[in-house]
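Residue-level structural notes
For reference, the chains in residue letters:
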Amino acid sequence: MEQAPGNPQEPRDAQGGNGSPEDRNDARGCYRHPDRATGITCTRCDRPICPECMVSASVGFHCPECVRGGSGTGHAPGANRPRTVAGGALTADPRLLTKILIGVNTAVLVAALVLKDPFVNALDLVGWAFDPGELHVVGVAHGEWYRLITAMFLHEQVMHFAFNMLSLWWLGPPLEAALGRVRFLALYFLAGLGGSALSYLLAAQNQPSLGASGAIFGLLGATAVLLRRLNYDMKPVLILLGLNLAFTFLWPNIAWQAHVGGLVVGAAVTYAMVHAPRGRRNLVQAGACVLALLVIVAVVWARTAQLTG
């Protein structure tokens, strides 16, 4: 989703051509963008390459394929590899992780429909409560930290599941393509954990909650930040965000804490990812993710101390 540079000056070709009418008549289409005529070819494999695809080399230009295999420029093979706006590697299937996440949520839903209450009660998010079926205390404060994660993938109602997965399918692929797989996965889990942590902190200690809504709201916040970074029209996503927040607070039995927590964490993490300075991008992005995780851990620790102290 990174915008290509606008109106680049037509470069000289690898053989020293200057863009004369004769050169242009012989131009071929770029091997990655056939609709873009170009007189530039890779000095290693002779593929035609447009200005967006060419990578400067010690002599002429190389195509991205040759760069991946070792450009001969003295850099590592991936040094000049095309990157996303957040520095992630371009992938052939920008929907892979989104499809995997939907698959995991689907598998957990099927298990919940088959195994019913025992399965759901063992995995939903609850702070501190007495389970009459198990005859003992359960919850995150009781040491069941896994509930903060398992609740992110747990659905009990088909409509709740369908709405969340439709939102994930709509929001996930553009973010996965723009951020790269590693960053997208970090965003999803941190947003989901942020929603679980705020729900654990503010909801009643014996009030169970479940669903991927915290992570989905994180993706919604991330989309708003990304569109602002790329100077795209934000009206559609802001309208959608406003409608979802109104639905969150006006509809009964909605865990608004999870929605707000996921939204805040998702937007904050994405802001760090897409605004990190290029020279220190990996360090800043990793630091932002670690900081978000530490804040989540601190919130969970504080609530646990409150409930058990």
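Residues numbered from 1 in each chain as written. Predicted model: local features only at pLDDT ≥ 70, side-chain atom pairs only at ≥ 80, totals over all residues. Heavy atoms only, no water.

1. Comments concerning the packing of helix H8 (residues 213-229) against helix H9 (residues 235-250)
In plain terms, the rule: What counts as an axis is a line fitted to C-alpha atoms, over the stretch in contact for a helix, and the angles between N-to-C directions run from 0 to 180 degrees. The helix and strand labels rest on DSSP assignments: H or I over at least four residues marks a helix, E over at least two residues marks a strand, and numbering proceeds from the N terminus. Note that the term roughly parallel is reserved for angles under 35 degrees, roughly antiparallel for angles over 145, roughly perpendicular for angles of 65 to 115, and oblique for everything else. Crossings are sorted by hand: turned counterclockwise from the far helix by less than a right angle, the near helix makes the crossing left-handed, and turned clockwise it makes it right-handed. Throughout, a residue-residue contact means that at least one pair of heavy atoms, one from each residue, lies within 4.5 Å. Only Asp, Glu, Lys and Arg are considered charged, only Ala, Val, Leu, Ile, Met, Phe, Trp, Tyr, Cys and Pro nonpolar, and every remaining residue, Gly among them, polar.
Remark: H8 packs on H9, axes separated minimally by 10 Å, with the N-to-C direction vectors making an angle of 155°. What the angle tells us is that H8 and H9 run roughly antiparallel. The hand of the H8/H9 crossing is left-handed. Residues Phe217, Leu220, Thr223, Ala224 and Leu227 of H8 form the contact with H9, whose own contacting residues are Val237, Leu240, Leu241, Asn244, Leu245 and Thr248. Looking at side-chain class alone, the contact of H8 with H9 contains eight nonpolar, three polar and no charged residues.

2. Describing helix H3 (residues 96-115)
Definition in use: By definition here, a helix of n residues has an expected span of 1.5 Å times n minus one. Think of it in three bands: residues with accessible area under 20% of the maximum for their type are buried, residues over 50% are exposed, and the middle band is partly exposed, with areas taken using a 1.4 Å probe on protein chains only. Throughout, the arc means the angular range of directions from the helix axis out to the C-beta atoms.
Across its 20 residues, H3 extends 29 Å between first and last C-alpha, which sits within 8% of the 28 Å expected from 1.5 Å per residue. Within the span of H3, buried status applies to Leu97, Thr98, Leu101, Ile102, Asn105, Val108, Leu109 and Ala112. End-on, the buried residues of H3 take up no more than an arc of 135°, which puts them together on one face. As for H3, its buried residues are in contact with helix H4 (117-123), helix H6 (158-179) and helix H7 (181-202).

3. Side note on the environment of Ser199
If you trace the backbone, Ser199 turns up in helix H7. With a relative accessible area of 4%, Ser199 lands in the buried category. If we ignore the near neighbours within four places in the chain, the residues touching Ser199 are Leu125, Ser209, Gln257 and Ala258.

4. So, the packing of H6 against H7
The interhelical angle for the contact between H6 and H7, taken along N-to-C directions, is 135°, at an axis separation of 7 Å. As the angle between them shows, H6 and H7 are arranged oblique. Classified by chirality, the crossing of H7 by H6 is right-handed. On H7, the residues that touch Leu168, Gly172, Leu175, Glu176 and Leu179 of H6 are Arg181, Arg183, Phe184, Leu187 and Tyr188. A per-class count over the contact of H6 with H7 returns six nonpolar, one polar and three charged.

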